[in-house]
Amino acid sequence: MKEENTYSLAKQIFTEYLEANRCRKTVERYAILERVYAYRTHFDAETLFNDMKDNFRVSLATVYNTLELLLKCKLVVKHQFGTQPAQYEKACNNNVHQHLICTNCGKISEFTDKRIKEAILAKKFPNFQAAQYSLYVYGRCKKCRRK
């Protein structure tokens, strides 16, 4: 699905969530959603705040509160990679992928492996129905190994 269509779908889902939960539909919340869906990689709340403040007046608290709303309506996913600040990524129409995290420099790379996905989906868990999964592989990237 094209990115503009993904954003349109995310906006529709967000609007329905806000209405269903009697939350205000503010210009700031939609501006944050739009910026989130413009990212092509992971981001943290501070980065989002700094990117927003040049073009839009928004507080750091509003960024955090809006990220929480986006988490609740499953439009973003929150990751905790080691000791780094929490990282977010858009979730609407985002392909399932795994993460490689360098424990030296903190670089995050994504990869997809159909066999891993199939193995997890085929796994039966007693008294539990899996809905989604995350896989983090920690190690040292090529650049850090050379040093």
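**Things to note about the side chain of histidine 99**
Looking at the secondary structure, you find histidine 99 in strand 3 (residues 98-102). With relative accessibility at 2%, the residue histidine 99 sits in the buried group. At a separation of 3.3 Å, a polar atom in the side chain of histidine 99 contacts the side chain of glutamate 89.

**Some thoughts on the packing of helix 2 (residues 27-36) against helix 3 (residues 45-53)**
Interhelical geometry of helix 2 versus helix 3 gives an angle of 110° and a closest axis separation of 11 Å. Here helix 2 is positioned roughly perpendicular relative to helix 3, judged by the angle of their axes. For the pair helix 2 and helix 3, the crossing hand works out as right-handed. Between helix 2, through Ala31, Ile32, Arg35 and Val36, and helix 3, the contact on the second element is made entirely by Leu48, Asp51 and Met52. A class-by-class count of the residues in the contact of helix 2 with helix 3 yields 5 nonpolar, no polar and 2 charged.

**Description of the packing of helix 2 against helix 4 (residues 60-72)**
Between helix 2 and helix 4, whose axes approach to 10 Å, the crossing angle comes to 70°. Compared by their axis directions, helix 2 and helix 4 come out roughly perpendicular. The residues of helix 4 that touch helix 2, namely those facing Glu28, Arg29, Ile32, Leu33 and Val36, are Thr62, Val63, Thr66, Leu67, Leu69 and Leu70. Of the residues assigned to the contact of helix 2 with helix 4, the class counts are 7 nonpolar, 2 polar and 2 charged.

**Some details on the pairing of strand 3**
With 4 of 5 residues buried, strand 3 lies mostly within the body of the structure. Direction of pairing for strand 3 relative to strand 4 (residues 108-111): antiparallel, over a ladder of 4 bridges. Bridging from a neighbouring strand, histidine 99 pairs with glutamate 110 of strand 4. Between strand 3 and strand 4, which pair antiparallel one after the other, the connecting turn spans 5 residues, and glycine 106 there sits at a positive phi close to 85°.

Thresholds applied
The residue numbering used here restarts from 1 in each chain and proceeds along that chain's sequence as written. Thresholds applied to this predicted model are a pLDDT of at least 70 for local features of residues and 80 or more for the giving and counting of side-chain atom pairs; totals over whole chains, interfaces and linings are not thresholded and use all residues. Note: side-chain values were computed over all heavy atoms of the structure, leaving out hydrogens and water. By definition, any uninterrupted DSSP run of H or I lasting at least four residues is a helix, any uninterrupted run of E lasting at least two residues is a strand, and each is numbered from the N terminus. Accessible area is worked out with a 1.4 Å probe on protein chains only. A residue is then buried under 20% of its type maximum, exposed over 50%, and partly exposed in between. In protein, a polar contact means a hydrogen-donor-capable atom and an acceptor-capable atom, both N or O and within 3.5 Å, with residues adjacent in sequence counting only if both atoms are side-chain atoms; elsewhere, any N or O pair within 3.5 Å suffices. Axis lines are fitted through C-alpha atoms, for helices just across the contact stretch, and the angle between N-to-C directions can take any value from 0 to 180 degrees. Angle categories: roughly parallel below 35 degrees, roughly antiparallel above 145, roughly perpendicular from 65 to 115, and oblique for all the rest. In this scheme the crossing of two helices becomes right-handed for a clockwise turn of the near helix relative to the far one and left-handed for an anticlockwise turn of less than a right angle. Here, residues are in contact when the closest pair of their heavy atoms is within 4.5 Å. Following the grouping adopted for this structure description, the nonpolar residues are Ala, Val, Leu, Ile, Met, Phe, Trp, Tyr, Cys and Pro, the charged ones are Asp, Glu, Lys and Arg, and the polar ones are all others, Gly among them. By the convention used here, strands pair only if DSSP detects at least 2 bridges between them.

That's the geometry; what it means functionally is another story.
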